[in-house]
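Chain residues, written in single-letter form:
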Amino acid sequence: MDSGLPLHIGIIMDGNGRWARQRSQIRTQGHLEGLKAAKRIVKAASDMGIKYLTLYAFSTENWKRAADEVGFIMGLIKQYLRNELDFYRENRIRIRHTGDAAGLPPDVQAELTSAAADTKDFEGMQVILAINYGGRNEIVRAVRKLAAGKSGADLSAISEQDITACLDNPDVPDPDLIIRSAGEYRTSNFLLWEGAYAELHVSTKLWPDWTGDDLTAALRDFQNRDRRFGGVKARDSI
Ligand code: FPP
């Protein structure tokens, strides 16, 4: 039965820096509060029965930030992966990664691999952490994977399904809903291929202020959308 819930939600967690600035605090304080918000939303989404949740934690463009800030975010991610293991176990949450793992510091890579291995058999919600993630980068890596070992004739027959099969997590369904906090109307290189038909929900609330109620409001908004995937509704199809 269709629950009306999105199967897969992606979230662009934006506004940590602004949250800190509004309080005359340093940017890293915003990320610390942003991590607390991420924990609240993971718990709320799991309790609501969401099956897949992708969180945009660090983009391929975020390396341009000051080294101190980048180091702080990487440390937060490591800490999150290590400290939340009991929570994943209790809630049967599976942790996965999307993004270019090879470009991550070895200790973060190791922590991701270990969290993914420890939780791989959990049948509850899947949390996919987008870290060193860029939609264009994911497509380039997929095409390279696909082209390796193919002849020119094979390459001319490449289909959408072939590219999908070479993405980071081909078994994960496309996101139905992409949420962005902090009021900006753009997708910032997030799930470019997978999000082709995702509904967008933009909230003006800064990410560190997000609670389960904001997720509920986003889901209500989603349930009122008329999704046609480029087609028309049956009653309008004369
Ligand atoms: C965007 O806010 C936020 C980030 C680039 C980092 C997000 C990271 C976390 C919330 C911590 C890690 C989370 C998990 C789940 C491991 P911004 O700094 O761009 O804010 P601004 O646009 O207001 O400056």
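Scroll up a little and you will see the structure.
Asker: Can you explain the packing of helix H3 (residues 67-83) against helix H5 (residues 106-119)? Please cite residues and give values.
Answerer: Geometrically, a packed helix pair is captured by the angle between its two axes and the distance between the axes. Two elements in contact, H3 and H5, have axes whose closest approach is 9 Å; the angle formed by their N-to-C orientations is 25°. The angle between H3 and H5 places the two elements in the roughly parallel class. The handedness of the crossing between H3 and H5 comes out as left-handed. For the pair H3 and H5, the contacting residues are Met 74, Ile 77, Lys 78, Leu 81 and Arg 82 in the first and Asp 107, Val 108, Glu 111, Leu 112 and Ala 115 in the second. Here the contact of H3 with H5 is built from residues that sort into six nonpolar, no polar and four charged.

Asker: I'd like a description of H5, backed by residues and values.
Answerer: Because an α-helix completes one turn every 3.6 residues, residues spaced three or four positions apart along the sequence face the same direction. Over its 14 residues, H5 extends 20 Å from the first C-alpha to the last, a length consistent with the 20 Å expected when each residue adds 1.5 Å. Along H5, the positions that sit buried rather than exposed are Val 108, Glu 111, Leu 112, Ala 115 and Thr 119. Taken down its axis, H5 places every buried residue within 100° of arc, on the same side. Counted as exposed and oriented over 90 degrees from the buried face of H5: Pro 106 and Thr 113. Considering only its buried residues, H5 is in contact with H3, helix H4 (85-91), strand E3 (94-98) and strand E4 (126-133).

Asker: Requested: an account of the site of the ligand, with residues and values cited.
Answerer: For the ligand, the set of nearby residues contains 17 residues, the closest of which are Asp 14, Gly 17, Arg 18, Arg 27 and Arg 65. Arg 18 is positioned such that a nitrogen or oxygen atom in its backbone is 2.7 Å from an oxygen atom of the ligand. Coverage of the ligand by the protein amounts to 92% of the 620 Å² it exposes when considered alone. Counting only elements with at least two residues in the shell around the ligand, the list comes to helix H1 (16-22), helix H2 (27-48), strand E2 (52-59) and H3. Of all the elements, H2 adds the most residues to the shell around the ligand, at five residues. Taken together, the residues of the shell around the ligand sort by class into seven nonpolar, six polar and four charged.

Asker: Describe the pattern of salt bridges, with residues and values.
Answerer: This model, assessed by the stated rule, comprises 22 salt bridges. The shortest N-O distance in the salt bridge between Arg 92 and Glu 123 comes to 3.3 Å. Of the two residues, Arg 92 is situated in the loop between H4 and E3 and Glu 123 in the loop between H5 and E4; the sequence distance between them amounts to 31 residues. Residue class for Arg 92 comes out partly exposed when judged on its relative accessible area of 36%. Note on Glu 123: relative accessible area 55%, which makes it exposed. The partner of Arg 141 in a salt bridge is Asp 168, and the shortest N-O contact between them spans 2.8 Å. With Arg 141 in helix H6 (residues 135-147) and Asp 168 in the loop between helix H8 (160-165) and strand E5 (177-180), this residue pair connects regions lying 27 residues apart in the sequence. Ionic contacts of the salt-bridge type, sharing partners, join the residues Asp 14, Arg 18, Arg 180, Glu 184 and Arg 186 into one network.

Asker: Can you explain the pairing of E3? Please cite residues and give values.
Answerer: The element E3 is extensively covered by neighbouring structure, given that four of its five residues are classed as buried. As defined by bridge partners, E3 adjoins E4 across five bridges and the pair is classed as parallel. Bridge pairing in E4 places His 97 opposite Leu 129. For the segment spanning E3, H5 and E4, crossover handedness is left-handed.

Criteria and cut-off values
Residue numbering note: each chain is counted from 1, following its sequence as written. Whole-chain, interface and lining totals are the exception, using all residues; otherwise, since this is a predicted model, local features are given only for residues with pLDDT of at least 70 and side-chain atom pairs are given and counted only at 80 or more. With hydrogens and water excluded, all non-hydrogen atoms of the structure serve as input to the side-chain values. Throughout, an axis means a line fitted to C-alpha atoms (over the contacting stretch in the case of helices), and angles, computed between N-to-C directions, take values from 0 to 180 degrees. For the purposes of this entry, the term helix denotes a DSSP run of H or I that reaches at least four residues, the term strand denotes a run of E that reaches at least two, and both are numbered from the N terminus. Roughly parallel means an angle under 35 degrees; roughly antiparallel, over 145; roughly perpendicular, 65 to 115; everything else is oblique. Put simply, a crossing is left-handed when the front helix is turned counterclockwise from the back one by less than a right angle, and right-handed when it is turned clockwise. A contact between two residues is defined here by any heavy atoms of the two lying within 4.5 Å. Each residue gets one label: Ala, Val, Leu, Ile, Met, Phe, Trp, Tyr, Cys and Pro are nonpolar, Asp, Glu, Lys and Arg are charged, and the others, such as Gly, are polar. Working rule for helices: expected span equals 1.5 Å times residues minus one. Exposed residues in this analysis have more than 50% of their type's maximum accessible area, buried residues have under 20%, and partly exposed residues fall in between, with area computed by a 1.4 Å probe over protein chains only. Regarding the arc, it is the one traced by the directions from the helix axis to the C-beta atoms. Near, as used in this document, describes a residue that has one of its heavy atoms within 4 Å of the molecule or strand being considered. Here a polar contact means two N or O atoms within 3.5 Å. Within protein one must be a hydrogen donor candidate and the other an acceptor candidate, and residues neighboring in sequence count only if both atoms are side-chain atoms. Surface accessibility in these figures is a Shrake-Rupley result with a 1.4 Å probe; residues are shielded only by whichever protein chains are displayed. The rule for a salt bridge is simple: a side-chain nitrogen of Lys or Arg has to be within 4 Å of a carboxyl oxygen of Asp or Glu. We call two strands paired when DSSP finds no fewer than two bridges between them. Look down the strands so they point away from you; if the path from the first strand over the helix to the second goes clockwise, the crossover is right-handed.

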